[in-house]
Amino acid sequence: MFPRPLTPLAAPDGAEPLGRALRRAPLGRARPGLGGPPLLLPSMLMFAVIVASSGLLLMIERGILAEMKPLPLHPPNREDAVWRGTVPRPGRLSLDAGDSDLQVRQDVRNRTLRAVCGQPGMPRDPWDLPVGQRRTLLRHILVSDRYRFLYCYVPKVACSNWKRVLKVLAGVLDNVDVRLKMDHRSDLVFLADLRPDEIRYRLQHYFKFLFVRDPLERLLSAYRNKFGEIREYQQRYGVEIVKRYRAGAGPSPAGDDVTFPEFLRYLADEDPERMNEHWMPVYHLCQPCAVRYDFVGSYERLEADANQVLEWVRAPPHVRFPARQAWYRPASPESLHYHLCSAPRALLQDVLPKYILDFSLFVYPLPNVTREACHQ
């Protein structure tokens, strides 16, 4: 019923376990043999906090948290937020009491976010961020002034449908079922379009939310979509990936047959802050320490969470979150398991640290790719 605790990734025979390798790797320096960017974790203290936070899940499974008073969905010190009757006040924001799994997940996410974001040196405001990180953040937060909310969109987590909803709420589309190719820029307002004083006002007074997904499932979805269907991505990224990582690729590869391990090797050598948005970690896209989100929804219960958000922002009753198209086949846990078990485990050890904050902050278990699990 409850999410499994975050467990260390098993190392291949003769190799160090992931946790030990991470503890040993010097931060801010390139790792031997990779020739790529440094292992990007905020600090060893931060990593310790993240690992410690996963202990909350063990506490939950053992019933230790059952007697603890749950935290509100909103962070503390938000009593001065001005909702003006458009959005429920924090004290009124609640979940269905019968959905204990969601209650637990939200509670653990809140506790983990508070523990991590409360550490010295972590950003408390978008203006604490370096210019490049702040630019990325503001370009990913969509604004609805009519319904007073901010939505940080994460590619491959139903963001196209959310943009469709925003266009309906703005009166640009008649309904969410209108069939047309989604324009991801027109008729949408981003925080980056506004002046600093306008940005600060909305961050202080509007309801803020984002949706997250299992980090590796999101990567697999991006891989299948961009390298299997989109010629632009095959030419822009696929050609370079094949040239860089495939022996005997030739001078002019098509880029339309990138393998998943080749994609992982590419990610292992990439700086997370400079990644394409479709595989950039959610932490870097939405900066959950610099922005205090009021709700973090899950792709795993997308329709229910999305319609709950629409109720909270008092969207008109006829506006609903679009149903998943019958033809759409999302990356399944079975498909992810197959792809991960087909990839070298040492390669996963290089990729996972880049997404460790997404796993920990949003309560997703690390994958089990032990030899026993992969042969089941």
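These numbers come from a predicted model, not from an experiment.

Draft legend 1. Representation of the overall build of the protein chain. The helix and strand tally for the protein chain stands at 16 helices and four strands. Split into buried and exposed, the 376 residues of the protein chain put 54% on the buried side. Considering only contacts in the protein chain between residues 6 or more positions apart, those separated by 24 or more positions represent 72%.

Draft legend 2. Main features of the sheet that holds strand β2 (residues 149-152). Pairing is mixed in the open sheet, where four strands are placed in the order β1-β2-β3-β4. Two strands in the sheet have a free side with no partner beyond their single neighbour: β1 (141-144) and β4 (295-298). Going from strand to strand, the sheet's axes swing by 25° on average, the running direction of each strand aside. Alignment of β2 against strand β3 (residues 207-212), held across four bridges, turns out to be parallel. Residue leucine 150 lies in a different strand from β3, and its bridge partner there is lysine 208. Its contacts with the sheet put helix α12 (residues 302-312) on β3 and β4, and the angle it makes with β3 is roughly 175°.

Draft legend 3. Representation of the confidence of the model for the protein chain within the structure. Per-residue confidence for the protein chain averages 78 on the pLDDT scale, and 71% of its residues sit at or above 70. Note on residues 1-92: pLDDT under 50 across the span, and 170 contacts to partners over four residues away in sequence or across chains.

Draft legend 4. Quick peek at the pairing of β3. β3 sits mainly inside the fold: six of its six residues count as buried. Across four bridges, β3 lies against β4 in parallel orientation. Looking at the pairing, phenylalanine 209 lines up with phenylalanine 295 of β4.

Draft legend 5. A look at the packing of aromatic side chains. For the coordinates displayed, the defined rule picks out 25 aromatic pairs. Seen from their ring centres, phenylalanine 227 and tryptophan 279 are 5.8 Å apart, and the 20° between their planes marks the pair as stacked. Taken as a pair, phenylalanine 227 in helix α8 (residues 215-228) and tryptophan 279 in the loop between α10 (260-268) and α11 (282-286) lie far apart in primary sequence, 52 residues in all. A relative accessible area of 2% places phenylalanine 227 in the buried class. With 5.1 Å between their ring centres and 75° between their planes, phenylalanine 295 and tryptophan 312 make a pair best called edge-to-face. Note that phenylalanine 295 is positioned in strand β4 and tryptophan 312 in helix α12, a separation of 17 residues in sequence. Like tryptophan 312, phenylalanine 295 is buried.

Draft legend 6. Representation of the state of the cysteines within the structure. Applying the stated rule across the entire model yields three disulfides. What pairs with cysteine 117 in a disulfide is cysteine 289, and their sulfur atoms sit 2.0 Å apart. On the S-S bond that ties cysteine 117 to cysteine 289, the torsion sits near -75°, and the link is left-handed. With cysteine 117 in helix α4 (residues 100-117) and cysteine 289 in the loop between α11 and β4, this residue pair connects regions lying 172 residues apart in the sequence. Comparing cysteine 117 with cysteine 289 shows no difference in burial state: the two are buried. In this model cysteine 341 forms its disulfide with cysteine 374; the gap between the sulfur atoms is 2.0 Å. Looking down the S-S bond of the cysteine 341 and cysteine 374 bridge, the torsion is -80°, so its handedness is left-handed.

Definitions and cut-offs
Residues numbered from 1 in each chain as written. Predicted model: local features only at pLDDT ≥ 70, side-chain atom pairs only at ≥ 80, totals over all residues. Heavy atoms only, no water. Helix = DSSP H or I, 4+ residues; strand = E, 2+ residues; numbered from the N terminus. Buried < 20%, exposed > 50% of the residue type's maximum accessible area, 1.4 Å probe, protein only. Contact = heavy atoms within 4.5 Å. Pairing = 2+ DSSP bridges. Axes fitted to C-alpha atoms, helices over the stretch in contact; angles between N-to-C directions. pLDDT = per-residue confidence, 0-100. Phe/Tyr/Trp six-rings, centres within 6.5 Å; stacked < 30°, edge-to-face > 60°. Disulfide = S-S within 2.5 Å.

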